[in-house]
Amino acid sequence: MGSTLRNDELALAERLVARDPSAYEAVVSEHGPMMYRVAHRLLQNDAEAADAVQDAFVSVIRAITSFRGESSLATWLYRITVNAARARLRKISTSRHVPIEDLLPRFYKDGHRVDPGQSWLELIDRRREHTDLQEEILAALTALPPDARVVLVLRDLEMLSTDATSDILQIEPGAVRTRLHRARQALRAVLVARLEGGGS
Amino acid sequence: MNCREFIERIDDYLDQSSPQVVRADCDEHLADCPYCTDYVSSYREAVRLLREALAAKPDADVPEGLRDQVLRVLDEAPGER
């Protein structure tokens, strides 16, 4: 997603500003599947994802005049969708998320890990027969703080590059890398805790 | 290299983007540290499981009414047409 807009995107943006219904139909058709997929991956709920996409289009209508083309239309729509889904996440979160710092490994002064815990291989072998790992990992994803969830969805599920994610989230590439590293560590920690806490 | 230094470099190690000298240090640490060897497995597996879990679920279809909803919102939104 470079900084140079293609001419057809610029033309489409102009039609969006002019509130041409066919331009909005084109965006729904071309970008709607991505917007719904991202919202669904973040919210893990059909109705909430549909509402988030509708919220996103309300934002598009309101903000299209401020679209300057510094990033591509797709990047802009990603950003608007992530923000809409994040707002929904705040509304539907019934419990406070564990701070991400509590999900990161801790170290002694000499750099060794404090309480490395149970062996992953033993844990997974013991649990595999009794546990739906796919359900557990999705539950782990939804237990993460929103920022961690967003960066995992964009980098590890949408498979966007660090630079593209940086454009969408409007943070430096280094901050994307740091956030992703912490999110992956937190995902691992929540999954391990869920597997350790389950019955045999 | 100790565990903290290794874990700080784990993404570069896994996607093989670390310089050879750093990679050699990581390999040396892993050879001596069963905890970090185990950590690498679980870290990699968690991301793989997440991708698999979502790949196993078909992408939810865009709601059928989305186009009509958007056009309705457009019609109702304040501003010039």
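Residues numbered from 1 in each chain as written. Chains lettered and ligands numbered in written order. Predicted model: local features only at pLDDT ≥ 70, side-chain atom pairs only at ≥ 80, totals over all residues. Heavy atoms only, no water.

> For the overall build of chain A, give the residues involved together with the corresponding values.
Across its full length, chain A carries 9 helices and 0 strands. Listed N to C, the secondary structure of chain A is α-α-α-α-α-α-α-α-α in terms of helices and strands. Taken along its principal axes, the extent of the C-alpha atoms in chain A is 60 × 40 × 25 Å. The buried share among the 200 residues of chain A stands at 52%. Look at the contacts in chain A between residues 6 or more apart in sequence, and 71% of them connect residues 24 or more apart. Split by element, the accessible area of chain A, about 9,600 Å² in all, is 47% carbon and sulfur. (Helix = DSSP H or I, 4+ residues; strand = E, 2+ residues; numbered from the N terminus. Buried < 20%, exposed > 50% of the residue type's maximum accessible area, 1.4 Å probe, protein only. Contact = heavy atoms within 4.5 Å. Areas by Shrake-Rupley, 256 points an atom, 1.4 Å probe, with all protein chains shown as cover.)

> Provide a residue-level description of the overall build of chain B, including the pertinent values.
Summing up its helical and strand segments, chain B has 5 helices and 0 strands in all. Put simply, chain B runs from its N terminus to its C terminus through helices and strands in the order α-α-α-α-α. Computed over C-alpha atoms, the radius of gyration of chain B comes to 24 Å, more than 25% over the 12 Å expected from 2.2 N^0.38 for 81 residues, which places it beyond the range of a compact globule. Projected onto the principal axes, the alpha-carbon positions of chain B cover approximately 65 × 30 × 20 Å. Among the 81 residues that make up chain B, the fraction classed as buried is 40%. A separation of at least 24 residues holds for 50% of the contacts in chain B among residues at least 6 apart in sequence. (Rg over C-alpha atoms; globule rule 2.2 N^0.38 Å.)

> Break down the interface of chain A and chain B for me, citing the residues and quoting the values.
How big an interface is tends to be stated in terms of the accessible area lost upon association of its parts. The interface is formed by 46 residues belonging to chain A together with 41 residues belonging to chain B. Interface area for chain A against chain B, summed over the two sides, is near 4,200 Å², with a carbon-plus-sulfur share of 69%. At the junction of chain A with chain B, the criterion picks out 3 salt bridges. Notably, a salt bridge pairs Arg51 of chain B with Asp156 of chain A, separated by 3.3 Å at the nearest N-O pair. (Buried area = accessible area lost by both parts, 1.4 Å probe. Salt bridge = Lys/Arg side-chain N within 4 Å of Asp/Glu carboxyl O.)

> Kindly report on a negative patch on the surface, identifying the contributing residues and their values.
Judged by side-chain charge, Glu5, Asp25, Glu28 and Asp32 of chain B come together as a negatively charged surface patch. With 3 residues, helix H3 (residues 20–32) of chain B is the single largest residue contributor to the negative patch. (Patch = residues over 30% accessible without salt bridge, like charges linked within 9 Å, V, L, I, M, F, W, Y side chains within 5 Å. Lys, Arg positive; Asp, Glu negative; His and termini not counted. Charge placed at Lys NZ, Arg CZ, Asp CG, Glu CD.)

> Break down the environment of Cys33 of chain B for me, with residues and values.
Residues and elements named next belong to chain B. Among the structural elements, Cys33 can be located in the loop between H3 and helix H4 (34–56). The exposure class of Cys33 is buried, given its relative accessible area of 7%. Each C-alpha atom, one on Cys33 and one on Arg4, is 12 Å from the other, the two residues being 29 residues apart in sequence.

> Can you explain the pattern of salt bridges? Please cite residues and give values.
Residue and element names in this part refer to chain A. Following the criterion strictly, the structure yields 17 salt bridges over all chains and no others. Ionic pairing is found between Arg88 and Asp55, a salt bridge with its closest N-O pair at 2.9 Å. Residue Arg88 is found in helix H4 (residues 73–92), and its partner Asp55 is found in helix H3 (residues 46–63); the two are separated by 33 residues along the sequence. Looking at Asp55, the relative accessible area reads 28%, which means it is partly exposed. Salt bridges sharing common partners tie together Glu48, Asp51, Asp55 and Arg88.

> Summarise the confidence of the model for chain B; cite the residues concerned and give the values.
Confidence in the prediction of chain B, expressed as mean pLDDT, is 87, and 93% of residues score 70 or more. Scored by ipTM, the complex comes to 0.85, with pTM at 0.87. (pLDDT = per-residue confidence, 0-100.)

> I'd love a proper account of the side chain of Glu136 of chain A, names of residues and values included.
Residue placement: Glu136 of chain A occurs in helix H6 (residues 133–143). Setting aside anything within four residues of it in sequence, one finds Glu136 of chain A in contact with Thr131, Leu191, Arg194 and Leu195 of chain A.

> Give a description of the nonpolar core that names residues and reports values.
If you look at soluble globular proteins, the nonpolar side chains tend to sit buried side by side. Among the nonpolar cores identified, the biggest contains 76 residues, and Ile137 and Leu144 of chain A are the most heavily contacted of them. The element contributing the most residues to this core is helix H2 (residues 21–43) of chain A, with 11 residues. Sequence-distant contacts of Leu144 of chain A, defined by excluding residues within four places in its chain, comprise His97, Leu103, Arg149, Leu152, Ala183, Ala186, Leu187 and Val190 of chain A. Grouped together as the second largest cluster of nonpolar side chains are 12 residues, Phe6, Cys26, Leu30 and Cys33 of chain B included. (Core = buried A, V, L, I, M, F, W, Y, C linked by side-chain atoms within 4.5 Å.)

> So what's going on with unusual backbone geometry? Which residues, and what values?
Residues and elements named next belong to chain A. A positive phi is found at Gln44, a non-glycine position, where the angle reads about 55 degrees. Tracing the backbone shows Gln44 in the loop between H2 and H3. Non-glycine residue Met159 carries a positive phi angle of around 60 degrees. Considering the arrangement of structural elements, one finds Met159 in the loop between helix H7 (146–157) and helix H8 (162–169).

> Please set out the packing of H4 of chain A against H7 of chain A residue by residue, giving values where relevant.
Residues and elements named next belong to chain A. Their axes nearest at 11 Å, the elements H4 and H7 cross at an angle of 145 degrees. For the pair H4 and H7, the crossing hand works out as right-handed. Residue-level contacts link Tyr78, Val82, Arg86 and Leu89 of H4 to Pro146, Asp147, Arg149, Val150 and Leu154 of H7. (Axes fitted to C-alpha atoms, helices over the stretch in contact; angles between N-to-C directions. Left-handed = near helix turned anticlockwise from the far one by under 90°.)

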